[in-house]
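# Descriptive analysis of the structure
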Amino acid sequence: MSVVTGALGSLAPKLLQLLQDEYKLQKGVRKQVQWLHSELESIHAFLRKVADVPWDRLDERVKVWAREVREASYDMEDVLDTFLVRVDGAEPADPSKLRRAMKKLGELFTKAKARRDIAGAIDDIKKHLDEVAERRQKYKLDEMIMSKSITSASTIDPRLTAMYKEVSQLIGVDKSRDELISMLNLSQPDDDAPDKKTIKKVSIVGVGGLGKTTLAKAVYDKLKSQYDCEVFVSVGRDHDLVKVFKDILFDLDKNRYENIHNTGRGVDLLIREVREFLENKRYFIVIDDVWEVRTWEAIELALVENNRGSKVITTTRNVDVAKASGEVYKLKQLSYDDSMKLFYTRLSRADRKFLDNHPDDISEKILKKCAGIPLAIITMASLLAGKPECEWSIVYNSIGFHTTDNREAEDTMTILSFSYYDLPPHLRTCLLYLSTYPEDYEIEKDSLIWKWIAEGFIDGKQGTRLFELGERYFNDLINRSLIQPVEGIIWNGGRGESCRVHDMVFDLMRKLSSEENFITILGDNVEGAPAPSNVRRLAHQNRISEHVNSEAMVSRMQKVRSYTALMCFIDSRDQFLRFKLLRVLDIIDCSFEKGCHLEHLGDLLHLRYLRIRFNGSSLELPIQLGNLKLLQTLDVQGTLPASIVHLTELLRLWSDEKVPDGIGKLVSLEELRIMNSCSEKALKFLKELASLRELRVLDYVTYDGMDESMQGDFVESLSNLQKIQHIGVYGSPWFADTAMWEAAGFVLPRPLRYLRWSVIEFSKLPSCINPTRLPNLAHLALCVITMDEQDLKLLARLPALCYLNLTTESTVTASNINSSDRSFFQKLRHFATNAMVLFEQPDGEDTSVSLHMWNGEDAMPFASRKSNDSKKVVPTGVMPNLEVLQLWIRFDVPLRALKDNYFGWKYLPSLQELRGRIIHENVLVAESDAALAALTDACNVHPNHPTFCMHRSPY
């Protein structure tokens, strides 16, 4: 489905639905429906050709005609949906016998009237389409669509995060990083350097896409360990100062300010709190993407001049902001050589500077127009990836490059638009939908995909579930460098769980979305007023009540089918409930003046997606929620009514509260996340899970543990969920007798990707964790009280494992690991454990390595450091891809090992970060400092110099 085609993609199937016997259309009406179906398919095919041509290359008459057809398609779909809802009806949540009888009698008249109405509506649609066809013929529009489409399937390099990191951080950034570090004049507080008495501030300035954030992040990662505290916060154009200061506090101390975003503190109080925190600390702060001088001036108020040698970096596109916020570092475009290197690296041709048997002039033309801007180069390389080299000139000529001189930013925007038009139509629509969100917003992948589904952007294919198809769309947009995965813990095989849109791509999406009347944005920093009568999708961002929810606004926007409110303050009138055609209702991080009253929520019969999560107390959802028979996603922060068990189309149910009895009736559910189970109903809930055979995701919290009977029901239910890919159990720890689970013959399903059982304390490793039966398991969190070498080596053979969180009370050693061993945690990138992790080579001749997980209480399982100093051969078969080692260690016992400074981490060739917590109860401060120094030294001597981020805690 393309933006330009509106709702045409879904109209034809709905017309066919009307021909079913249950709707009992009159004979003449049935013939009209059949004609409409054929005509709509013809128009849709023509508009797909229109969609293949860049919008700026279309004749104006084609644009006008396409807009008319698109708007008409929305109106037609509204008429059909309204009819289908009226005829199918919505059962009351709990009707009495009398009410049921009265309703049946009323339906005889209501449905007859609905059929008469649809007959008239279809006649109107036919007349409208006749006019559309007449104009198409009159203006000879078919002859105008002769331009060659540049949309073709591209095979994009499948590497996501690693590829993006390579091209953005390694090419051309080293020199700039060193220059910036030199400008910061890194003096220690006890030096006599003149800048120690003031904050050293440097501002990076340059056009969008030049790599300002990348450079700031490179300097930040290199220097942050030298400071008492550090912050990296992005502001953005549509910023909220309250959120910015809350983000700063959260970054300063994530434990202390864990709930800061849920508080109602104002700017003045937040500034005071930041100042108090920084008062006696040496800090390093990066404020990314500042657009206005007054924004910087407000942020600067929180930065304390404390004579500690603190440093601040800002990034901005605005030279005035740069001058106001510190010494200016003007980031230059990449050199020609670096541009060429970046270009071919993105094309996976890093070992070639010139094309084989092909003149390099086309590459030079492309790079000249990219003007040394990394984002433009990456975009063009992504556009050309997978296309034969002989077609590069064709692509270059067809995408509209001109010889006139333009500003670099404009050139880059044009190039970005070419990448947009290279997308297949369905991906264009999905990408434009991201303009619903504010700039720099972290967009949760799963919620985004379910909104795409609710909007009708994802056409189902036989044998493929809609969400899985949506995941392919999401990953394709990442592969094409149009959205950026947010790095974090590797939850699911290294795939991004959320994303951001680069600000240049975001600007382009906003522009295109506005031109095509796709989404109307109302925000404090959004220019332009919508045409109320034609608004189909409405998004409010950072607004106050009089702008968000006025009766006048609602009464003029009767065609709204999607309403999103992000970070708004809404009054108590809840006028958005009067958008009767709503398919999507998304209320996130909003505050309500007098509470949110949702009595009329059950009237939104077209609703497919409902998410309400706001700042305040829990919601009381009305019983009328059960009327929403088309609802697919229900994601709420509040008490669920018993009537939700009637929502037979529900695919996703996420709630912070308990679920009512009868959850087993929702047999279509694919995702179930219940974060506040109730002990008296937990047993029944666990039994009902067995009926949910379509479940793909299950997250469940219990605070009262599980007795033997409940565990039996849990195991039996899980055995029925053969399509499950994600299982998470959270809450209070509880003991599991592994023998009981194995006696029940429990086997985990092969599709499983994510298993988080860290609160279940298994007596020994359960046999269901088996590498031959779990080929897709990428994330595993497990607690096993007693482990041995065989267990550890069995976990190491899980073929897809990227993330492992392993808690055990045992000391475990895996011996004789060597470079030829291709089955020892080959894909593991993040390893978290409560043990001390150490490696050693047994002797100078042996090239194998032993891995020790030491509990700190047993005898040391490794030799002294001295016997390992002479090792010359470093095997590469030990966790070859491990990037993050996360430890929770008690160093009142293993302190002597830490002081010996022997860890053997040199055997981890990809190690980039050591993080975690050191518990120092009953340990002298001097000993604590010595242990931390030993860990720091171990990172410093490692060839990669991994980042060190260990926190001390008394418990």
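Everything discussed here concerns the structure shown above.
Quick caveat: nothing in here was measured; it's all calculated off a predicted structure. (Residues numbered from 1 in each chain as written. Predicted model: local features only at pLDDT ≥ 70, side-chain atom pairs only at ≥ 80, totals over all residues. Heavy atoms only, no water.)

### Quick notes on the sheet that holds strand S6 (residues 443–444)
Pairing is antiparallel across the open sheet formed by 3 strands, whose spatial order is S6-S8-S7. Every other strand in the sheet has two partners, leaving S6 and strand S7 (484–485) as the edge strands with one partner each. In the sheet, S6 pairs with strand S8 (residues 498–500) via 2 bridges, with the strands oriented antiparallel. Residue pairing in the sheet places Ile443 in a bridge with Cys499 of S8. (Pairing = 2+ DSSP bridges. Helix = DSSP H or I, 4+ residues; strand = E, 2+ residues; numbered from the N terminus.)

### What about the nonpolar core?
Counting residues in each nonpolar core, the largest one holds 124 residues, and the members touching the most others are Leu585, Leu634, Leu653, Trp741, Trp757 and Trp905. The biggest single contributor to this core is strand S24 (residues 754–764), with 5 residues. Residues contacting Trp757, with those up to four places away along its chain left out, are Leu718, Ile727, Val729, Trp741, Phe746, Leu748, Phe762, Cys768, Ala781, Leu782 and Cys783. Membership of the second largest hydrophobic core comes to 45 residues, among which are Leu431, Val505, Phe506 and Leu512. (Core = buried A, V, L, I, M, F, W, Y, C linked by side-chain atoms within 4.5 Å. Buried < 20%, exposed > 50% of the residue type's maximum accessible area, 1.4 Å probe, protein only. Contact = heavy atoms within 4.5 Å.)

### Considering the pairing of strand S1 (residues 200–205)
With 6 of 6 residues buried, S1 lies mostly within the body of the structure. Side chains of S1 alternate between two faces, with Lys200, Val202 and Ile204 and Lys201, Ser203 and Val205 buried alike. Bridge count for S1 against strand S5 (residues 327–330) is 4 bridges, and the pairing is parallel. The residue bridging Ser203 from the neighbouring strand is Val328, located in S5.

### Things to note about unusual backbone geometry
At Met567, a residue that is not glycine, the phi angle is positive and equals roughly 55°. Summarising the element assignment, Met567 is placed in the loop between strand S11 (562–566) and strand S12 (569–570). For Met567, a relative accessible area of 18% gives the class buried. Backbone geometry at Met879 places phi at a positive 40°, although glycine is not the residue there.

### Concerning helix H11 (residues 293–300)
For H11, every residue scored as buried is listed here: Thr295, Trp296, Ala298 and Ile299. The arc that holds the buried residues of H11, viewed along the axis, is 160°, so those residues lie on one side. (Arc of directions from axis to C-beta.)

### Notes on the packing of aromatic side chains
For the structure shown, the criterion picks out 20 aromatic pairs. Measuring from centroid to centroid gives 6.3 Å for Phe746 and Trp757, while their planes differ by 35°, and the two rings are tilted. In this pair, Phe746 sits in the loop between helix H26 (738–743) and S24 while Trp757 sits in strand S24, placing the two residues 11 residues apart along the sequence. Here Trp757 falls in the buried class, since its relative accessible area comes to 0%. (Phe/Tyr/Trp six-rings, centres within 6.5 Å; stacked < 30°, edge-to-face > 60°.)

### Comments concerning the sheet that holds strand S27 (residues 812–817)
If you trace the 3 strands from one edge of the open sheet to the other, you get S27-S30-S29, paired in antiparallel fashion. Edge positions in the open sheet fall to S27 and strand S29 (836–840), since each of these has one partner strand only. Neighbour to neighbour, the strand axes of the sheet diverge by 15° on average, direction disregarded. With 5 bridges connecting them, S29 and strand S30 (residues 849–854) associate as antiparallel partners. If you follow Glu840 over to S30, its bridge partner there is Ser850. Along the sheet, helix H27 (residues 789–796) contacts S27 and S30; its crossing angle with S27, the most-contacted strand, is approximately 65°. (Axes fitted to C-alpha atoms, helices over the stretch in contact; angles between N-to-C directions.)

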